[in-house]
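Observations on the three-dimensional arrangement
Each chain, written out:
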Amino acid sequence: MRMKLWILGIAVSLLAANPTSAIKVYKTTSEGLADVKVYVTESEGLADCIIYVTNSEGLASGNAKWYFTESEGLADVKMYFTKSEGLADVKVYFTKSEGLARCDVDWKRFKK
């Protein structure tokens with residue numbers, strides 16, 4: 001009986017969980033118009049997030065898988081990529097392996 005309740009509890013929590021949506025990123029050339037300033041590091045170990053970029057919005061999910069959009073209006077967050085680590089809000093490392101992507105940053109909280 002306990003096992004059935006446990007399985008039922010797991011099933012209900014999975015059904016109630018909100019799906020994570022893709023982070024749609026717009027690259028802005030103006031620091032003043034950006035929601036967040038990002039520095040791209042060459043070292044995984046120095047990064048706050050390891051990001052995987054997909055070519056399809058449908059394949060992107062969660063905070064670590066991004067889709068770059070050309071439309072500022074459709075973006076979840078506008079990012080300015082700075083060359084100065086000290087000016088950045090977040091440091092990211094881009095990976096070519098989808099399985100290595102990880103990020104605990106809530107990008108939408110930066111939205112102005």
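Scroll up a little and you will see the structure.
Right, let's walk through the structure included here. From a predicted model like this one, the values you see are computed outputs, not experimental measurements.

1. Quick notes on the sheet that holds strand 1 (residues 23-27)
Strand order in the closed barrel formed by 6 strands is 1-4-3-6-2-5, and the pairing between neighbours is parallel. Strand-to-strand twist in this sheet, taken as the mean axis angle between neighbours without regard to direction, amounts to 50°.

2. A look at the packing of aromatic side chains
Taken as a whole, this structure holds 5 aromatic pairs when the rule is applied. The interplanar angle of 90° and the centroid separation of 6.0 Å between the aromatic rings of W66 and F68 together place this pair among those described as edge-to-face. Plain terms: the ring middles of W66 and F94 are 5.8 Å apart, the flat faces sit at 80° to each other, and that makes the pair edge-to-face. Taken together, the residues span a long stretch of sequence, with W66 in strand 4 (residues 65-68) and F94 in strand 6 (residues 90-95) at a distance of 28 residues. We classify W66 as buried; its relative accessible area is 0%. The exposure class of F94 is partly exposed, given its relative accessible area of 28%. Across from the ring centre of F68, 4.8 Å away, lies the NZ or CZ of K27, which sits over that ring.

3. Concerning the pairing of strand 3 (residues 49-54)
Burial runs high along strand 3: 5 of the 6 residues are buried. Where strand 3 and strand 6 come together, 4 bridges link them in parallel fashion. Bridged to I50 within strand 6 is Y93. With 3 bridges connecting them, strand 3 and strand 4 associate as parallel partners. Of the residues in strand 4, the one forming a bridge with T54 is Y67.

4. Remarks on the state of the cysteines
Per the stated rule, a full pass over the model turns up 1 disulfide. There is a disulfide in this structure between C49 and C103, and the S-S distance comes to 2.1 Å. Handedness here is read from the sign of the S-S torsion; for C49 and C103, about 45°, the answer is right-handed. With C49 in strand 3 and C103 in the segment after strand 6, this pair connects stretches of sequence that are 54 residues apart. Taking the relative accessible area as the measure of exposure, C103 reaches 13% and is therefore buried.

5. Remarks on the side chain of T28
On the secondary structure map, T28 appears in the loop between strand 1 and strand 2 (36-40). According to the relative accessible area criterion, T28 is buried, its value standing at 11%. Leaving out residues up to four positions away in the same chain, T28 has contacts with L33, A34, M79 and Y80.

6. Remarks on the pairing of strand 6
Pairing between strand 2 and strand 6: 3 bridges, direction parallel. By the bridge assignment for strand 6, V38 is matched with V90.

7. Some points on the pattern of salt bridges
Following the criterion strictly, the structure yields 5 salt bridges and no others. Linking E72 and K78 is a salt bridge whose minimum nitrogen-to-oxygen distance equals 3.4 Å.

Thresholds, definitions, all that
Residues numbered from 1 in each chain as written. Predicted model: local features only at pLDDT ≥ 70, side-chain atom pairs only at ≥ 80, totals over all residues. Heavy atoms only, no water. Pairing = 2+ DSSP bridges. Helix = DSSP H or I, 4+ residues; strand = E, 2+ residues; numbered from the N terminus. Axes fitted to C-alpha atoms, helices over the stretch in contact; angles between N-to-C directions. Phe/Tyr/Trp six-rings, centres within 6.5 Å; stacked < 30°, edge-to-face > 60°. Buried < 20%, exposed > 50% of the residue type's maximum accessible area, 1.4 Å probe, protein only. Lys NZ or Arg CZ within 6 Å of the ring centre and 35° of its normal. Disulfide = S-S within 2.5 Å. Contact = heavy atoms within 4.5 Å. Salt bridge = Lys/Arg side-chain N within 4 Å of Asp/Glu carboxyl O.

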